Amino acid sequence: MTSIVVTPLARIAEMAVRHRAREMISLMAKEQSFHRPAVIQAHRHLLLHMNDIAFKGTGNLVAPDETHVREIIDFAAEWDQTTPLIVHCWMGVSRSPAAAVIAALSLRPNQSEEALAQRLRAASPYATPNMRIIEIGDQLLGRDGRLVKAIKEIGRGADADGNAPFVLALDEA
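Below is a short write-up of the structure. Quick caveat: nothing in here was measured; it's all calculated off a predicted structure.

## As for the overall build of the protein chain
Step number 1: Along the protein chain, the regular secondary structure elements total 6 helices and 5 strands.
Step number 2: In the protein chain, the order of α-helices and β-strands from amino to carboxyl end is β-α-β-β-α-β-α-α-α-α-β.
Step number 3: Relative to its length of 173 residues, the protein chain is compact, with a C-alpha radius of gyration of 14 Å against a globular reference of 16 Å.
Step number 4: The principal-axis extent of the C-alpha atoms belonging to the protein chain is close to 45 × 40 × 30 Å.
Step number 5: Across the 173 residues in the protein chain, those meeting the buried criterion constitute 51%.
Step number 6: The long-range fraction of contacts in the protein chain, counting pairs at least 24 apart against all pairs at least 6 apart in sequence, stands at 71%.
Step number 7: Summed over its atoms, the accessible surface of the protein chain is roughly 8100 Å², and 50% of this surface lies on carbon and sulfur atoms.
Step number 8: With 19 positive and 20 negative side-chain charges, the protein chain shows a separation of 3 Å between the mean positions of the two kinds.

## Some thoughts on the environment of Arg 20
Step number 1: Tracing the sequence through the fold places Arg 20 in the loop between helix H1 (12-18) and strand S2 (23-28).
Step number 2: The sequence separation of Arg 20 and Val 39 amounts to 19 residues, and the corresponding C-alpha distance is 7.8 Å.

## Considering helix H6 (residues 146-154)
Step number 1: Along H6, the positions that sit buried rather than exposed are Leu 147, Val 148, Ala 150, Ile 151 and Ile 154. Each buried residue of H6 sits inside an arc of 165 degrees when the element is viewed along its axis, so together they form one side.
Step number 2: Tucked into the core, H6 has its buried residues touching helix H3 (95-107), helix H4 (113-123) and helix H5 (131-140).
Step number 3: In the segment just after H6, Gly 155 is the residue with positive phi, at about 75 degrees.

## Brief notes about the packing of aromatic side chains
Where two aromatic rings form a pair, the distance of their centres and the angle of their planes describe that pair.
Step number 1: Under the defined criterion, the tally for this structure stands at 0 aromatic pairs.
Step number 2: Above the face of the Phe 75 ring, Arg 44 is positioned so that its terminal group lies 4.0 Å from the ring centre.

## A word on the nonpolar core
Step number 1: Of all hydrophobic cores here, the largest spans 40 residues; its most connected members are Ile 4 and Leu 27.
Step number 2: Ranked by the residues each element gives to this core, the list is headed by H3, at 9 residues.
Step number 3: Excluding its chain neighbours within four sequence positions, the residues that come into contact with Ile 4 are Trp 79, Leu 85, Val 87, Ala 100, Ala 103, Ala 104, Phe 166, Val 167, Leu 168 and Leu 170.
Step number 4: One finds Leu 9, Met 15, Ala 21 and Ile 86 within the second-largest nonpolar core, a separate group that totals 10 residues.

## Brief notes about the pattern of salt bridges
Step number 1: Going through the model one piece at a time under the given rule, you end up with 11 salt bridges.
Step number 2: The closest approach of N and O atoms between Glu 113 and Arg 143, which form a salt bridge, is 2.7 Å. With Glu 113 in helix H4 and Arg 143 in the loop between H5 and H6, this pair connects stretches of sequence that are 30 residues apart. Comparing Glu 113 with Arg 143 shows no difference in burial state: the two are buried.
Step number 3: Residues Arg 146 and Asp 144 are paired through a salt bridge, measuring 3.6 Å at the closest nitrogen-oxygen approach.
Step number 4: The network of salt bridges with common partners includes Glu 113, Arg 143, Asp 144 and Arg 146.

Quick notes on the rules
- Residues numbered from 1 in each chain as written.
- Predicted model: local features only at pLDDT ≥ 70, side-chain atom pairs only at ≥ 80, totals over all residues.
- Heavy atoms only, no water.
- Helix = DSSP H or I, 4+ residues; strand = E, 2+ residues; numbered from the N terminus.
- Rg over C-alpha atoms; globule rule 2.2 N^0.38 Å.
- Buried < 20%, exposed > 50% of the residue type's maximum accessible area, 1.4 Å probe, protein only.
- Contact = heavy atoms within 4.5 Å.
- Areas by Shrake-Rupley, 256 points an atom, 1.4 Å probe, with all protein chains shown as cover.
- Lys, Arg positive; Asp, Glu negative; His and termini not counted.
- Charge placed at Lys NZ, Arg CZ, Asp CG, Glu CD.
- Arc of directions from axis to C-beta.
- Phe/Tyr/Trp six-rings, centres within 6.5 Å; stacked < 30°, edge-to-face > 60°.
- Lys NZ or Arg CZ within 6 Å of the ring centre and 35° of its normal.
- Core = buried A, V, L, I, M, F, W, Y, C linked by side-chain atoms within 4.5 Å.
- Salt bridge = Lys/Arg side-chain N within 4 Å of Asp/Glu carboxyl O.

Scope: geometric values only; no functional claims are made or implied.
Okay, structure coming up:
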């Protein structure tokens, strides 16, 4: 089954090797440095600099914007889906689950937003998707607020220690 592996930064290499991934999306603050795992193809690594915030105008922090979300959608469209896609941020709780949901919905547009949100919650009791990314994705994917509503309905995830990777299937089982 085609899937997206969502992971914290500390476990990207382990998850990439375990799942035989060759492609990765990184959502990291500009000042955070890391090394791309060798198994990830350099030309199939999308690095997006953004902070985990919900609105612009927060000092020097970079809010997710339409350009970031469009790049997630475009990158996902080029993913060959023969191996899982790794999506990560610092803790794997907010930015990366939001990006995974946007990628999944962009690739499988006929699925229900509610079913996707429920799959996310079943895969991770900790996921609390960044609502700014979700709102922008909802708009770009023409979901008329349904994705925002579905994500709000699953509520905030449980407190996390940033060490809980999970797999989000693109399709219902």
